[in-house]
Amino acid sequence: MKKDLLSLLDLEKNDFDHLFTRALQLKKRYARGIFDKILTGKTLGLIFDKKSTRTRIAFETAMIQLGGHPIYMSTQDTQISRNEPAKDTARVLSRYIDCLAMRTFDHSLVKEFARASAIPVINALTDSFHPCQILSDIMTVIEHKDGYKDVKIAWVGDGNNVANSWVNAASVLGLNLVVACPEGHMVKPDIIRAAGADTMDHIIFTSDPVGAVKDADVVYTDVWASMGDEEELAGRLAAFEGFQVNKDLLSHARPDVLVMHCLPAHRGEEIAEDVLEAAGAAFWDQAENKRHMHKAILETLILG
Ligand code: CP
Ligand code: NVA
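In this text, all values refer to a predicted model and were calculated from it rather than measured experimentally. (Residues numbered from 1 in each chain as written. Chains lettered and ligands numbered in written order. Predicted model: local features only at pLDDT ≥ 70, side-chain atom pairs only at ≥ 80, totals over all residues. Heavy atoms only, no water.)

Caption draft 1: Region of interest: helix α2 (residues 54-65). Taking 1.5 Å as the rise per residue, α2 with twelve residues should run 16 Å; its terminal C-alpha atoms sit 16 Å apart, in good agreement. Within α2, burial applies to Thr 55, Ala 58, Phe 59, Glu 60, Ala 62, Met 63 and Gln 65. Phi turns positive one or two residues past the end of α2, at Gly 67, with a value near 95°. (Helix = DSSP H or I, 4+ residues; strand = E, 2+ residues; numbered from the N terminus. Expected span 1.5 Å × (residues − 1). Buried < 20%, exposed > 50% of the residue type's maximum accessible area, 1.4 Å probe, protein only.)

See below:
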């Protein structure tokens, strides 16, 4: 049966560990000039309703380097924009391509595509989740911290799609995760309950950013207003006071703290310029690792 990747709750711990091992292996092989043409003749479709630099290009280059072909479709250029039903589009695309990566607003749309498709559907970000991002981010944690076990990860910022995927990953992998969001911007109760995180001692929710980063090995942040919520930013700035990842906040973390951000970043809002520009920062490794992780995801879903 075909498999989709819509949320990290679709994966078991073994699936995560396989993807980390394989992505790290593919990264090493690529560095040695070995191109594994394992997806020769295969085609990946990409339907993106929202902007993207990293995810789109990482998927496209991953597919090309594995010997396959990507086809990018802006929703505006397809009959989807003229209201062809998702289930019809999904059935038609299943006759042409081998896998579909989608970036949409409403998460229910990727679910609808996945239900109607005969091919694997990958969530390349929705309003609810960003699973591929967190897979490559944990790969980056593994590289920098020699694993993810006993690593304290602090999320500081909005309870958004990226935070939701961290909660899902923490639930499946048993990560030590503290999620700090301002009042009114916390990860939603249905996300917490669905992940079972409300009953897990290793996942903590708080509105105290200083307490959250205390002795943290990893501090992660993301924009205060995600794509689609931009008009709310001005009204949010006061609520997010004290949540900027800057040197003061990081002084409470471990001295070797790894600061992470999925990017794009808003300097001077959720992260200070000097933190973003610090030598040896992980942000660019995170961006690179998306390509290696996308290869492992594509191989697993397309070849089964
Ligand atoms: N981190 C991330 O998903 O970036 P893009 O929006 O550029 O794809
Ligand atoms: N939370 C951000 C992530 C961008 C990669 C957004 O959805 O805009």
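Having seen it, we continue.
Caption draft 2: Just the packing of aromatic side chains, in detail. By the definition in use, this model includes nine aromatic pairs. Considering the side-chain rings of Phe 16 and Phe 20, the 6.1 Å spacing of their centres and the 45° angle between planes classify their relative orientation as tilted. Taken as a pair, Phe 16 and Phe 20 lie in helix α1 (residues 13-31) at a separation of four residues, close to a single helical turn. As far as the burial class goes, Phe 16 and Phe 20 line up, both buried. Each ring, one from Trp 155 and one from Tyr 220, has its centre 5.3 Å from the other, and the planes form 20°; the classification is stacked. With Trp 155 in strand β5 (residues 152-156) and Tyr 220 in strand β8 (residues 218-221), the pair connects residues that are 65 residues apart, well separated along the chain. There is no split in this pair, since Trp 155 and Tyr 220 are both buried. Site record: aromatic cluster; members linked through ring pairs are Phe 16, Phe 20 and Tyr 148. (Phe/Tyr/Trp six-rings, centres within 6.5 Å; stacked < 30°, edge-to-face > 60°.)

Caption draft 3: Focus on the site of ligand 2. The environment of ligand 2 is made up of Leu 125, Asn 160, Asn 161, Asp 222, Val 223, Ser 226, Met 227 and Leu 263. Within the contact set of ligand 2, an oxygen atom lies 2.8 Å away from a side-chain nitrogen or oxygen of Asn 161. Take Ser 226: an N or O atom from its side chain is 2.8 Å from a nitrogen atom of ligand 2. Protein chains shield 94% of the accessible area of ligand 2, which is 270 Å² for the free molecule. Partitioning the shell around ligand 2 into residue classes produces four nonpolar, three polar and one charged. (Near = heavy atom within 4 Å. Polar contact = N/O pair within 3.5 Å; in protein donor to acceptor, adjacent residues only side chain to side chain. Areas by Shrake-Rupley, 256 points an atom, 1.4 Å probe, with all protein chains shown as cover. Nonpolar A, V, L, I, M, F, W, Y, C, P; charged D, E, K, R; others polar.)

Caption draft 4: Highlighting the layout of surface pockets. One number sums up the size of the largest pocket: a volume of about 410 Å³. Taken together, 23 residues line the largest pocket, and the ones lying closest to its centre are Arg 103, Leu 125, Met 227, Leu 263 and Pro 264. Among the elements of the structure, α2 and α6 (161-173) are those that each provide at least two residues to the lining of the largest pocket. Looking at the lining of the largest pocket residue by residue, the classes come out as eight nonpolar, eight polar and seven charged. Its boundaries defined by the atoms lining it, the second largest pocket holds a volume of some 320 Å³. (1 Å grid on protein atoms, 1.4 Å probe; cavity = no way out; pocket = protein on both sides within 12 Å on 5 of 7 lines; lining within 4 Å. Points joined across faces, edges and corners; volume = space filled by probe spheres on them.)

Caption draft 5: Spotlight on the packing of α1 against α6. The N-to-C vectors of α1 and α6 enclose an angle of 105°; their axes lie 9 Å apart at closest approach. In terms of orientation, α1 lies roughly perpendicular with respect to α6. Across the interface between the two elements, Lys 13, Phe 16 and Phe 20 from α1 touch Ala 169, Val 172 and Leu 173 from α6. In terms of residue class, the contact of α1 with α6 is made up of five nonpolar, no polar and one charged. (Axes fitted to C-alpha atoms, helices over the stretch in contact; angles between N-to-C directions. Parallel < 35°, antiparallel > 145°, perpendicular 65-115°, else oblique. Contact = heavy atoms within 4.5 Å.)

Caption draft 6: Molecular detail of the site of ligand 1. Ligand 1 sits among Ser 52, Thr 53, Arg 54, Thr 55, Arg 103, His 130, Gln 133, Cys 262, Leu 263 and Lys 290. Within the side chain of Thr 55, an N or O atom sits 2.7 Å from an oxygen atom of ligand 1. Isolated, ligand 1 exposes 260 Å² of accessible area, and the fraction of that covered by the protein chains is 95%. Its atoms largely coinciding with the cavity grid, ligand 1 occupies the largest pocket. Within the shell around ligand 1, the residues separate by chemical class into two nonpolar, five polar and three charged. (Sits in = over half its atoms within 2 Å of the grid points.)

Caption draft 7: Region of the structure containing the pairing of strand β3 (residues 99-103). Summarising burial for β3: five of the five residues are buried, a large majority. Side chains Cys 99, Ala 101 and Arg 103 project from β3 onto one buried face, and the interleaved Leu 100 and Met 102 project onto a second face that is buried too. As paired elements, strand β1 (residues 43-48) and β3 share five bridges and run parallel to each other. Bridging from a neighbouring strand, Phe 48 pairs with Arg 103 of β3. Pairing of β3 with strand β4 (residues 121-123) involves three bridges; the strand directions are parallel. Looking at the pairing, Leu 100 lines up with Val 121 of β4. In terms of handedness, the path from β3 via helix α4 (residues 107-116) over to β4 forms a crossover that is right-handed. (Pairing = 2+ DSSP bridges. Right-handed = clockwise from strand over helix to strand, strands pointing away.)

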